[in-house]
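For reference, the chains in residue letters:
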Amino acid sequence: MKILVVDDFSTMRRIVKNLLKDLGFTNTVEADDGKTALPILQAGGIDFLVTDWNMPGMTGIDLLKAVRADPNLVNLPVLMVTAEAKRDQIVMAAQAGVNGYVIKPFTAATLKEKIEKIFERIDA
Amino acid sequence: MTNLNLENRLALAKDLVAALENNDEARAEQLCDELAGIRESSLYQEIGYLTRQLHDTMNSFSADSTFTDIAENEIPDAKERLQYVITMTEQAANQTLTVVEDLMPVSQELHQQAHNLAENWQRFLIKKMPFDEFKDMSQELTEHFKYSVGAVEQIQKGLNEVLMAQGFQDITGQIIRKVINLVQSLEENMVEIIKVSGNKNHLEKNSKQQDLPGPVVPKVDDRNNDVATSQDDVDDLLSSLGF
């Protein structure tokens, strides 16, 4: 299981990476915005995407749309971890095909729960 | 001054010269007044023009919603935002310090126990330990194992808390970026004012790009009741959408 963590703040990438490690996911790669993330995704081998929304270059929502528009990535599970909390935005992300939405600041338990839920749904 | 004005003044001046040559004091006085009058009226016209320009400029500023918005909403909001940054950094610091304070004695106790046991263990290995002491050491070992399992669990939990506490850097970073953008647009608006008062009567429309709303600052961004204030809110919204 290889996970791509996308956030423009390196502290947040470290936090998410460490939490994932704690959950048993040790194989992670990082990108600091959608623009750098997309080539990594397109190169293949990523099983799960955790992305922020507000990033310079290419935002998380645009990354999500690009992922869903790519036939090779259309089924990639995507978890959004973001400070964006406007109801309109959450609806927008849901419509764009996000698999889970966690707002910052979050707890380790919340992240764990959402990730497990996503995998449950995939396995089902 | 218009041509008409010029001809008018020229005519008046010629009349004035004629009156002076004819020693007609009264007529000369009257013509001087008339000349001064023209001068004054064009001065008033100039002042009138400047007043109108100033008035229009002020109007266009109040019509420029970004400028009034900055003054009325964004500056007070920025204060709240920065206040929230202080609150968040303080919380994170306290959270981290509490964990460190709680775990310090645990790690000291672990160290002490391991140190004592290691010493005794050495004596046991070189067969310098009486049987009674060995029984005591066995008991101590049992207790040490029991204690370490709990202690290491506690340390693990604490480390996770410290890890999570660092999330403040991302949130406060985003908030501070917002305030920096505000200061920048304030600066741009000030420059516009200076340009306008420097008689360049041209107000460029502020092309402020639409920013994402970003982190929710309590009492600032939740006023319109259109934000999710907790993960439960998000979950409820998503489940209402069939998630």
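Residues numbered from 1 in each chain as written. Chains lettered and ligands numbered in written order. Predicted model: local features only at pLDDT ≥ 70, side-chain atom pairs only at ≥ 80, totals over all residues. Heavy atoms only, no water.

Chemist: Residues and numbers for the overall build of chain B, please.
Modeler: Within chain B, the regular secondary structure consists of six helices and zero strands. Helices and strands appear in chain B in the N-to-C order α-α-α-α-α-α. A globule of 243 residues ought to have a C-alpha radius of gyration of about 18 Å, yet chain B, at 41 Å, is considerably larger. For chain B, the C-alpha atoms occupy an extent of roughly 145 × 50 × 20 Å along the three principal directions. Counting contacts in chain B only where the partners sit at least 6 residues apart, residues at least 24 apart contribute 67% of the total. (Helix = DSSP H or I, 4+ residues; strand = E, 2+ residues; numbered from the N terminus. Rg over C-alpha atoms; globule rule 2.2 N^0.38 Å. Contact = heavy atoms within 4.5 Å.)

Chemist: Outline the interface of chain A and chain B, supporting the account with residue identities and numerical values.
Modeler: Residue-level contacts link 34 residues of chain A with 32 residues of chain B. Of the roughly 2,800 Å² buried between chain A and chain B, counting both surfaces, carbon and sulfur atoms make up 64%. When the buried surface of chain A facing chain B is broken down by residue, A:Phe9, A:Lys86 and A:Arg87 rank first, second and third, together holding 23% of it. The interface formed by chain A and chain B contains five salt bridges. (Buried area = accessible area lost by both parts, 1.4 Å probe. Salt bridge = Lys/Arg side-chain N within 4 Å of Asp/Glu carboxyl O.)

Chemist: Pulling in residues and values, what's your account of helix H4 (residues 87-96) of chain A?
Modeler: Among the residues of H4(A), those classed as buried are A:Gln89, A:Ile90, A:Ala93, A:Ala94 and A:Ala96. Mapping the buried residues of H4(A) onto a view down its axis gives an arc of 165°, with all of them on the same face. Away from its buried face, by an angle of more than 90 degrees, H4(A) presents the exposed residues A:Asp88 and A:Gln95. In this structure, the buried side of H4(A) is in contact with helix H3 (60-69), strand E4 (78-82) and strand E5 (100-103) of chain A together with helix H6 (231-240) of chain B. (Buried < 20%, exposed > 50% of the residue type's maximum accessible area, 1.4 Å probe, protein only. Arc of directions from axis to C-beta.)

Chemist: Can you tell me about the nonpolar core, naming the residues and giving the values?
Modeler: Grouped together as the largest cluster of nonpolar side chains are 33 residues, with contacts concentrated most on A:Leu4, A:Val6, A:Leu41, A:Leu49, A:Leu63, A:Val67 and A:Tyr101. When residues of this core are traced back to their parent elements, those giving at least two are strand E1 (3-6), helix H2 (34-42), H3, E4, H4 and E5 of chain A together with H6 of chain B. Formed by 21 residues, the second largest nonpolar core is a distinct cluster that contains A:Leu79, A:Phe106, A:Leu111 and B:Met164. (Core = buried A, V, L, I, M, F, W, Y, C linked by side-chain atoms within 4.5 Å.)

Chemist: Can you lay out a nonpolar patch on the surface for me, pointing to particular residues and giving the numbers?
Modeler: A cluster of nonpolar side chains, B:Trp121, B:Phe124, B:Leu125 and B:Ile126, forms an exposed patch at the surface whose accessible area comes to about 380 Å². Relative to the assigned elements, B:Phe124 resides in helix H3 (residues 65-125). (Patch = residues over 30% accessible without salt bridge, like charges linked within 9 Å, V, L, I, M, F, W, Y side chains within 5 Å. Areas by Shrake-Rupley, 256 points an atom, 1.4 Å probe, with all protein chains shown as cover.)

Chemist: So what's going on with the pairing of E5(A)? Residues and values would help.
Modeler: All names here are of chain A. Of the two faces of E5, the one carrying Gly100 and Val102 and the one carrying Tyr101 and Ile103 are both buried. With four bridges joining them, E4 and E5 adopt parallel strand pairing. By the bridge assignment, Thr82 is partnered in E5 with Ile103. Remark: the E4/H4/E5 crossover connection has right-handed handedness. (Pairing = 2+ DSSP bridges. Right-handed = clockwise from strand over helix to strand, strands pointing away.)

Chemist: Outline unusual backbone geometry, listing residues and values.
Modeler: Cis geometry is found at the peptide bond from A:Lys104 to A:Pro105, where omega equals -5°. Located in the positive-phi region is B:Asn23, a residue other than glycine, with phi close to 60°. Inspection of the secondary structure puts B:Asn23 in the loop between helix H1 (3-21) and helix H2 (25-63). For B:Asn23, a relative accessible area of 66% corresponds to the exposed category. Even without glycine at this site, B:Lys219 takes up a positive phi of about 70°. Structurally, B:Lys219 is set in the loop between helix H5 (168-197) and H6. Judged by its relative accessible area of 61%, B:Lys219 falls in the exposed class.

Chemist: Which residues make up the packing of H3(A) against H4(A), and what values do they have?
Modeler: All names here are of chain A. At a closest axis distance of 9 Å, the pairing of H3 and H4 adopts a crossing angle of 15°. Judged by the inter-axis angle, H3 sits roughly parallel to H4. H3 and H4 meet at a crossing whose hand is left-handed. For the pair H3 and H4, the contacting residues are Ile61, Leu64, Lys65 and Arg68 in the first and Met92, Ala93 and Ala96 in the second. (Axes fitted to C-alpha atoms, helices over the stretch in contact; angles between N-to-C directions. Parallel < 35°, antiparallel > 145°, perpendicular 65-115°, else oblique. Left-handed = near helix turned anticlockwise from the far one by under 90°.)

Chemist: An account of the pattern of salt bridges is needed here, citing residue identities and associated values.
Modeler: Where charged atoms from two side chains of opposite charge come close, those side chains can pair. Taken as a whole and judged by the stated rule, the model has 15 salt bridges over all chains. Notably, a salt bridge pairs B:Arg223 with B:Asp77, separated by 2.9 Å at the nearest N-O pair. Taken together, the residues B:Arg223 in the loop between H5 and H6 and B:Asp77 in helix H3 connect sequence positions 146 residues apart. Residue B:Arg223 is classed as exposed on the basis of its relative accessible area of 51%. Taken together, the shared-partner salt bridges in this structure form one network comprising A:Asp7, A:Asp52, A:Lys104 and B:Asp170.

Chemist: I'd like to hear about the packing of aromatic side chains, residue by residue, with values.
Modeler: The full count for this structure, using the stated rule, is five aromatic pairs over all chains. With a centroid separation of 5.1 Å and an interplanar angle of 50°, the aromatic rings of A:Phe48 and A:Phe119 are classed as tilted. Of the two residues, A:Phe48 sits in strand E3 (residues 48-51) while A:Phe119 sits in helix H5 (residues 108-123), which places them 71 residues apart along the sequence. The rings of B:Trp121, B:Phe124, B:Phe131 and B:Phe134 are connected pair by pair, giving a single aromatic cluster. (Phe/Tyr/Trp six-rings, centres within 6.5 Å; stacked < 30°, edge-to-face > 60°.)

Chemist: Let's hear about H3(A): which residues, and what values?
Modeler: It helps to recall that an α-helix has 3.6 residues per turn; residues three or four apart then point in one direction. Residues and elements named next belong to chain A. Burial in H3 covers these residues: Gly60, Ile61, Leu63, Leu64, Val67 and Arg68. Buried residues of H3 fall within an arc of 160° about the axis and therefore sit on the same side. Next to the buried residues of H3 lie E1, H2, E3, E4 and H4.

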